[in-house]
Amino acid sequence: MDAMPQIPARPAAGPGAPPLVLLRGIAKYFPGVVANQDVDLEVRPGEIHALLGENGAGKSTLMNILTGIYQPDAGEIIIEGYGKSFASPVEAIAAGIGMVHQHFKLVQAFTVAENIHLGWAETPRRIRAAALEARTAELADKFNLAVRPGARVGELSTGEQQRVEILRVLARQAKVLILDEPTAVLTPSEARELFRALRTFAAGGNAVIFISHKLDEVLEISDRVSVLRGGRKVTTLPTAECSEASLARLMVGHEIVLSDLRGRGPDAAPVSAEPVLRLSGVSLADELGTPLLSDISLEVRAGEILGIAGVAGNGQKELSQVLTGIRAPSAGAIELGGAPVLRAGAEAFARFGVGHIPEDRLHSGLAPALSVADNAVIREYKRPPVSRGPWYRPGAAAALARSIAGTAEVSVPDFSMPIRNLSGGNQQRLVARREMRIAHKVLVAAYPSRGLDVGAINTMMRYFVELRDAGAGVILISEELEELLNLSDRIAVLFHGRLMGTIPADKADVEQIGLMMGGQRLAAPARVLEEA
Amino acid sequence: MGYRLQRLPTARSGISLAARAGAILAALLLAALVLAASGADPLALAAEVYDSTFGSSFGLEDLGLLVTPLILTGLSVAVALKIGAWNIGAEGQFYAGAFAATAVGLFVPLPEPLMLPLMALAGMAGGMAWILVPTLARAYAGVSELITTLLLNFVAILLVYYVATGPWLDRKTNALAATARVPYEMPEFWGIVHWGFPLSILLALAVALVMNRTTWGYEVRIGGSNPSAAAYAGMPVRRHIIAVMLLSGAIAGLAGMFELAGTVHRLQGGISNNFGYLGIMVAVLARGSAIGVLAGAVLMGVILNSGIILQTQGLNTSTVLAITGLILFFTAIGDELAHYRLVRTEQATA
């Protein structure tokens, strides 16, 4: 990085400069939970500091304390040598600490310029839209973040919206920029662009706190890494001294191996000759006739894992809905266990033994306001012991919920509390275990690792292997190629609602799958190979 | 050392009960203050209200008569809430039920023992008919039932005014703007309280049982909480919306029939006494729970009864309405505050 004339002139920090942020002995307690305890954190000027930890390790709580959303129960916040206490995010940003949350807080109907100037003391009381946009363009130029000042935020891509959020924070003279899982919503090229902007920002004597649980990213972008586990800080290390394996070990407390899980033990059920679920020529269109899925033919056999790769939004959600009977295809045929399905219906599919881990569990797999017990039995409420005839038995439902929570290793203090009170990771584990109970034949898992940390992802992958070895067919829809290559026996690629081809995972290479994800059909020879 | 408030995700039931009691007390205290400031003697008024309501069996009987329709309209709104629908039209369905029951009672010549059951069925059918269009519009076209049920109230109210003062007007006495007396009456249960009172309580218990202890009720609760989750599990959400909303209309219609055959005996404008709208308050106070409706209806009944007594003491109806509003307002605050607890911080953070 050479000279950056457009960066606000701030003297590069010398060795004697105080840390931009110093947290000492921070503790935060919620009822029954220690969210943070004895956390010390030092962020120096000019550095990108990664904050790494599993779900529930206390990363977000710590950052919410630093940005004034929560107040610590103990400990000190020292900003550039001065002790501070923030009663609200407004006070934190005034002290130069700004955060970009995972879920953007932008007004969709406003323009970029309006969003940047919203609720900002420096916004002139009366100003024309053109002047507002000019100011925004100036800011964008100054911080090297390309945005279109006049565009409505609702029309922007996620990457552009994120840039607006960052610009909004930087415009308020932030010296410390906190980013919560910033790349989760970005394409690889957008992520690279973001990284470049972050480096430029840090080079001006500022600091970035980068929250993530993606190890490769942390290694790529950060100068130092602090690892949190169970609400406490484990250590802070220079990134140069870390490797993926060592970070993973620090994060979960034991070694994690994300590797080939395709091998079978001697007890594993063999792959069946006949498919347990088959789609032939399936198409789906919305009410306006726009095709969502076109001419999809695929089959999954008992005892195998079929991976579905593709960039999110290429028909994955619709495919999982067709595969589980929630939506009936507008053309084509579905066979379950060799028999054609005449009337689709999620209940009939579930009764046959199709389990489904939906992509957004809280919105499609759970009733957030109802109890953990009610949610745990959504697949089995019609059978004994949860019901007898027409009678639903809350006691039996709670007992089943307790056993599901037991196998999922989720501790639930009270089974009558609303399930939305559980963390996202715990909800996901409960849903996975609940679905595995009924998935005797097929499990359709859409983005099962989304939002989970390494430890939880590994547990989830073990679940799938367990299910496969027990003789069920697993359809794994994911955007993580590594995960797909580790687990799947065959990988199909979805692009614009069409299958670009299916390849055996041991013959697949990332490059080829990448091309197919971009819309290139599998060349003929490989197709022959598959059918051989 | 410092103290700070901390918000909990769920309020403990003991605390939220205490918060509600505190809220009602606070509302009454505020009302007492205002009354005192305007020259009345709140203590004397309170004593008068207490004596007239709980001091005699007459007072309690009056209360029972008020509570009966409130249980049913509250239950009607609470039932619809289970599937996620706001039935603002219990008022209109109440009128429609009273109207249908009157039509049967005045014009259907059948042996007497059949008449009351038939009127009850007609009342329920009337309520269902009144919610049918909003139900279908919601189930098939996603039209907000909030607006449609509300607007149909005015149609029902005006329809009843019209028939009671026009075609069905009692020409014999000619003094009343009402229909002739319907000759079939709900038998008395206790004093002037008719059998509608215990039947309403039984109905509330039955609804609670169905919602919490049957697989149908389970499906309704899931569908009301998250329709996508219900679709995911293959539950017939649309069918449940239709069934539950019709049930809601039927219960409100039954309230109208009870009021007609148990208390008023003639169809007339204003027969509902706003019971349909008050049912919304009852359901909200009960947080949508069928059992809670019983407590909410008693509370609302006491307030209404106090209002009637206070009017004899020279206070006007708006005062009573204001007290009702205060109680609801304070309850909402109390419910929110029940989520907080006070924690002591070991170190001052400033």
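What you are looking at is a predicted structure, and each value in this text was computed from that prediction instead of being measured. Position numbers for residues count from 1 along each chain, tracking the sequence in the order it is written. Chains and ligands are labelled by the order in which they are written, letters from A for the one and numbers from 1 for the other. Residues qualify for local features only when their pLDDT is at least 70, as the model is predicted, and side-chain atom pairs are given and counted only at 80 or more; totals for whole chains, interfaces and linings, by contrast, use all residues.

It is worth spelling out the overall build of chain A at this point. Per the convention used, a helix needs a DSSP run of H or I reaching at least four residues, while a strand needs a run of E reaching at least two, with both numbered from the N terminus. Helix and strand counts for chain A come out as 18 helices and 22 strands. Within these notes, the globule rule equals 2.2 Å times the number of residues to the 0.38 power, and the radius of gyration is based on C-alpha atoms. The C-alpha radius of gyration of chain A comes to 25 Å, within 12% of the 24 Å expected for a compact globule of 532 residues. Dimensions along the principal axes, computed over C-alpha positions, put chain A at roughly 70 × 50 × 50 Å. Residue burial is a threshold on neighbouring C-beta atoms within 10 Å of the residue's own C-beta, all placed from the backbone, with 20 or more meaning buried, 12 or fewer meaning exposed, and counts in between meaning partly exposed. Burial analysis of chain A (532 residues in total) assigns 45% to the buried set. Two residues qualify as being in contact provided that their C-beta atoms, derived from the backbone, are within 7 Å of each other. Contacts in chain A between residues at least 24 apart in sequence constitute 69% of all its contacts with a sequence separation of at least 6.

Another aspect to go through is the environment of alanine 408 of chain A. All names here are of chain A. Locating alanine 408 in the fold gives a position in the loop between α13 (394-407) and α14 (424-438). Of the residues examined, alanine 408 has 21 C-beta atoms within 10 Å and is grouped as buried. If we skip the residues at most four places from it in the chain, alanine 408 touches Arg429, Leu430 and Arg433.

A word on the sheet that holds strand β11 (residues 275-285) of chain A. Residues and elements named next belong to chain A. Two strands are counted as paired when DSSP detects at least two bridges linking them. Sheet architecture is open: four strands sit in the order β12-β11-β14-β15, paired in antiparallel fashion. If you trace the sheet from one side to the other, it starts and ends with β12 (291-301) and β15 (339-340), each paired once. In this analysis, axes come from line fits to C-alpha atoms, helices being fitted only over the stretch in contact, and the angle between any two N-to-C directions falls in the range 0 to 180 degrees. Against the sheet, helix α9 (residues 316-323) makes contact with β11 and β12, and its axis sits at roughly 55° relative to β12, the strand it touches most.

As a further point, take the pairing of strand β8 (residues 207-212) of chain A. Residues and elements named next belong to chain A. Counting buried positions over the six residues of β8 gives six, a clear majority of the element. Here β8 shows a buried face lined by Ala207, Ile209 and Ile211 and a second buried face lined by Val208, Phe210 and Ser212. Pairing of strand β3 (residues 48-52) with β8 involves five bridges; the strand directions are parallel. Within β8, the residue paired with isoleucine 48 across the bridge is valine 208. The pairing of strand β7 (residues 176-180) with β8 spans five bridges and is classified as parallel. Paired with leucine 177 across the two strands is valine 208, which belongs to β8.

Next up on the list: the sheet that holds β3 of chain A. Residue and element names in this part refer to chain A. If you walk across this open sheet you meet the six strands as β6-β7-β8-β3-β9-β10, and the pairing is mixed. The open sheet has two free edges, formed respectively by β6 (97-100) and β10 (232-238), since each of these has just one partner strand. Strand-to-strand twist in this sheet, taken as the mean axis angle between neighbours without regard to direction, amounts to 20°. Note that β6 and β7 share four bridges and pair parallel. By the bridge assignment for β7, isoleucine 97 is matched with valine 176. Helix α5 (residues 158-171) rests against β6 and β7 of the sheet, and its axis sits at about 170° to β6. On top of the sheet, helix α6 (residues 188-203) reaches β3, β7 and β8; it is set at about 145° to β8, its chief contact.

Facing 26 residues of chain B, the contacting portion of chain A comprises 35 residues. Considering each element in turn, the side of chain B that touches chain A owes the most residues, seven residues, to helix α8 (residues 215-225) of chain B. Side-chain classes are defined by residue name, with Ala, Val, Leu, Ile, Met, Phe, Trp, Tyr, Cys and Pro counting as nonpolar, Asp, Glu, Lys and Arg as charged, and the others, Gly among them, as polar. When the residues that make up the side of chain B that touches chain A are grouped by side-chain class, the tally is 10 nonpolar, 12 polar and four charged.

Next up on the list: α6 of chain A. In an α-helix, one turn spans 3.6 residues, which is why side chains three or four residues apart end up on the same side. All names here are of chain A. For a helix, the expected span equals 1.5 Å multiplied by the number of residues minus one. If you check α6, its first and last C-alpha atoms are 23 Å apart, about what 16 residues at 1.5 Å a residue would give, namely 22 Å. Considered for burial, the residues of α6 that qualify are Leu194, Ala197, Leu198, Phe201 and Ala202. On an axial view of α6, the arc spanned by its buried residues comes to 135°, and they lie on one face. With respect to the buried face of α6, the exposed residues turned more than 90 degrees away are Pro188, Ser189 and Arg196. Close packing links the buried residues of α6 with β3, β7, β8 and α7 (215-221). Backbone geometry just after α6 places glycine 205 at a positive phi near 90°. Along the arc lie the directions from the helix axis toward the C-beta atoms.

Looking now at the domain arrangement of chain A. Residue and element names in this part refer to chain A. Along its sequence, chain A is organised into domain 1 (23-252), domain 2 (261-353 + 439-532) and domain 3 (367-437). The split of the chain into domains comes from an automatic or database domain assignment. Look at where the C-alpha atoms of domain 1 and domain 2 centre, and you get two points 36 Å apart. Domain 1 puts six residues into the contact, and the matching count from domain 2 is five residues. When its residues are assigned to classes, the side of domain 1 that touches domain 2 shows three nonpolar, two polar and one charged.

Turning our attention to helix α1 (residues 13-37) of chain B. Residues and elements named next belong to chain B. Compared with the 36 Å implied by 1.5 Å per residue over 25 residues, the 36 Å span of α1 between its first and last C-alpha is a close match. Regarding α1, the residues found buried are Ala19, Ala23, Ala27 and Ala31. On its buried face, α1 is in contact with α13 (317-337). Once α1 ends, the next one or two residues include glycine 39, with phi positive near 95°.

We now examine the confidence of the model for chain A. Residue and element names in this part refer to chain A. Looking at any residue, its pLDDT shows the predictor's confidence there, from 0 to 100. Taken over all residues, the pLDDT of chain A has a mean of 83, while the share at 70 or more is 91%. Across residues 1-13 the pLDDT falls below 50, and counting only partners more than four positions away or on other chains, this stretch makes 21 contacts in the model. Low pLDDT (under 50) marks residues 525-532, which in the prediction has eight contacts with non-local residues, meaning those over four places away or in another chain.

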